[in-house]
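As a plain string of letters, each chain reads:
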Amino acid sequence: GVEGLFELGRAGLFGACLPTSAQGNCCRLLGAAGDLQPRMRGGCSDSMMGLELFEALHPEPTRCAGSTGQPPSVDGGDPGHVDIPLRPHTPSAMHAAAPTTPPARQQRRVVEMRRSTYVRVMEPAEGVLSSPSSVASMAKVVEPFVCGCFSACFAACVTHPVDLAKVRLQLFAVENAGRNVATPSLVSIWTSTIKESGVLALYDGLSASLMRQVFYGTSRLGLNRMFADYLAEREGCHATHLPFHLKVGSGLVSASIAVVLGTPFDVALVRMQSDMSKPLDQRRHYSSVFDALGQMVRTEGVSSLYTGLGPNILRGMSISVGQLSCYDQAKSVTMKWFGDTDPNHVSMPTQMASACIAGFAASVLSLPIDLIKCRLQDMTPLPDGTMPYRGLADCASKVLRKEGVLAFWTGFGPYFARLAPSSTIILITIEQIRPLYRQAFYEIQH
């Protein structure tokens, strides 16, 4: 490649063949190949610099035939391309060669620089530069976000009825305080909901759930993969084999950013899911996620959109550590169990086992925070006008004092039944669609 650039200078075609934006990079390359820093005066804004660089390394300022105007015709008189034979340069031959008058600019560009004996120059209509296109580069950058968004929304649609039952179980103790009522089961909640409002009531709040995943799920999954890939490149390994503390750090940072973006939709989701379980005079009757957000801003202020932000950040962190960090860690272990060697192409048993381990870890770590978050986001003023909880610590202490330690894992069955399949669906879907995405957008088969 370097020799080819020298020959372009020799032929007087340096500035004619390369756009101005590329000439500076070429000069830096040529400067690195030889002791040319004193001669690089202000970059390569014209074809003269290419010729000057070449003549600084070659004794004879030999010009190729036809350099005074049109390039020579070869291959039966076809002026469409010119093949310029290369000659070795001698860095020791630095001398002040008198430059000749550069030729007229030719409207051509270099499309291939071979490491053999020729440089081929083609017309713009016959080819393009070999650098990756801007579309392919952008597709590679947004890949983790696109794959994460699709996977998160798909998982939300599948698991929404379970999530609805989980929220109502977590709020059951608050809504029935002082009443001797047996805690319902997952199936009984579904049954009563269908009897009262129909099957579609199991999907109350789905619009809020999808909007939450568009912001929260997309950014959490996309940023985590982006951070993990950066750390892996710095460590010189695949993201699956990163040290666990770096995986945890990637999950914590990505979750913190994602929660800030997704909390307003999470508040709307909790309220829409719990609305049907309240007495008629306490229901909010939100028609959609946008109606919920609008009513909250009008009646409670903008700050109501971020109710429970603290526990929501902690919950997001715990889920990311359990779901994403533990998934990569589990995959590095289960690959050995099932004989996989390439972390980019693991078998389905490895994916399933890793996803189940990650789902269980995420459920255990995040459920206590999730319970506190739900209660803070759904609380309404007491008869005296005060709120039931003053904040995260007050809510946790009251739950511990009045309901006991195990109350933090209330609804673990529905929660695990929702989070474990959700984790499995998200992680396996990403593994399946990632190669398809790459083939479609930027992995070009040669």
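From a predicted model like this one, the values you see are computed outputs, not experimental measurements. Each chain has its residues counted from 1, following the order in which its sequence is written. Whole-chain, interface and lining totals are the exception, using all residues; otherwise, since this is a predicted model, local features are given only for residues with pLDDT of at least 70 and side-chain atom pairs are given and counted only at 80 or more. With hydrogens and water stripped out, all remaining heavy atoms of the structure feed into the side-chain values.

S.K.: Which parts of the structure should I look at to understand the pattern of salt bridges?
M.R.: Here the idea is simple: oppositely charged side chains can pair when their charged atoms come close. Salt bridges, as used here, are contacts in which a Lys or Arg side-chain nitrogen is within 4 Å of a carboxyl oxygen on Asp or Glu. Tallied over the full model, the rule gives 17 salt bridges. Between Asp370 and Arg315 there is a salt bridge, with the nearest N and O atoms lying 2.3 Å from each other. In this pair, Asp370 sits in helix 11 (residues 348-378) while Arg315 sits in helix 10 (residues 309-337), placing the two residues 55 residues apart along the sequence. Residue Glu431 pairs with Arg434 through a salt bridge whose shortest N-O separation is 3.7 Å. Of this pair, Glu431 and Arg434 both sit in helix 13 (residues 412-441), three residues apart, which is roughly one turn of the helix. A single burial state applies to Glu431 and to Arg434, both of which are buried. Put simply, Glu143, Lys331, Glu431, Arg434 and Arg438 are held in one network by salt bridges that share partners. Put simply, DSSP H or I for four residues or longer makes a helix, DSSP E for two residues or longer makes a strand, and each gets a number counted from the N terminus. Throughout this description, buried means an accessible area under 20% of the type-specific maximum (1.4 Å probe, protein chains only), exposed means over 50%, and partly exposed covers the range between.

S.K.: Where do I start with helix 8 (residues 244-274) in this structure?
M.R.: Note that an α-helix has 3.6 residues per turn; residues three or four places apart therefore point the same way. In this scheme, a helix's expected span is set at 1.5 Å multiplied by one less than its residue total. The end-to-end C-alpha distance of helix 8, which contains 31 residues, comes to just 37 Å, noticeably less than the 45 Å that a straight helix rising 1.5 Å per residue would cover. The quantity called bend is, for any residue, the angle between two axes fitted respectively to the seven residues ending at it and the seven beginning at it. Helix geometry: helix 8 is bent most strongly at Gly262, by close to 55°, with proline Pro264 lying one to four residues after it. Of all 31 residues making up helix 8, 23 are buried, and the element is well covered by its neighbours.

S.K.: Explain a nonpolar patch on the surface here, please?
M.R.: A patch consists of residues whose relative accessible area exceeds 30% and which take part in no salt bridge; residues with like charges are grouped when within 9 Å of each other, and nonpolar side chains (Val, Leu, Ile, Met, Phe, Trp, Tyr) when within 5 Å. Exposure was quantified through the Shrake-Rupley algorithm and a 1.4 Å probe, taking into account, for residues, occlusion by the shown protein chains and nothing else. Judged by side-chain polarity, Val214, Phe215, Leu252, Val253, Ile257 and Leu261 come together as a nonpolar surface patch covering roughly 440 Å² of accessible area. Counting only elements with at least two residues in the nonpolar patch, the list comes to helix 7 (206-235) and helix 8. Among the elements that take part in the nonpolar patch, helix 8 stands out by supplying four residues, more than any other. Judged by its relative accessible area of 45%, Val253 is partly exposed.

S.K.: For this particular structure, what's the right way to read unusual backbone geometry?
M.R.: Glycine aside, residues mostly have negative phi angles, and peptide bonds mostly take the trans form. Phi is positive for His285, which is not a glycine, with a value near 55°. Following the sequence through the fold, His285 ends up in the loop between helix 8 and helix 9 (289-300).

S.K.: What should I look at first to understand the packing of aromatic side chains in this one?
M.R.: Geometrically, a pair of aromatic rings is defined through the distance of the ring centres and the angle of the planes. When two rings of Phe, Tyr or Trp (its six-membered ring) have centres within 6.5 Å they constitute a pair, described as stacked for plane angles under 30 degrees, edge-to-face for angles over 60, and tilted for the intermediate range. Using the criterion set out here, one finds six aromatic pairs in the structure. Summarising the aromatic geometry, the rings of Phe360 and Phe412 are spaced 6.5 Å apart at their centres and angled 85° between planes, so their arrangement reads as edge-to-face. Placement of the pair is Phe360 in helix 11 and Phe412 in helix 13, with a sequence separation of 52 residues. Of the residues examined, Phe360 reaches a relative accessible area of 46% and is grouped as partly exposed. Note on Phe412 and Phe416: the rings are 5.9 Å apart at their centroids and 15° apart in plane angle, and the pair reads as stacked. Of this pair, Phe412 and Phe416 both sit in helix 13, separated by four residues, roughly a single helical turn. Look at Phe412 and you get partly exposed, because its relative accessible area is 27%.

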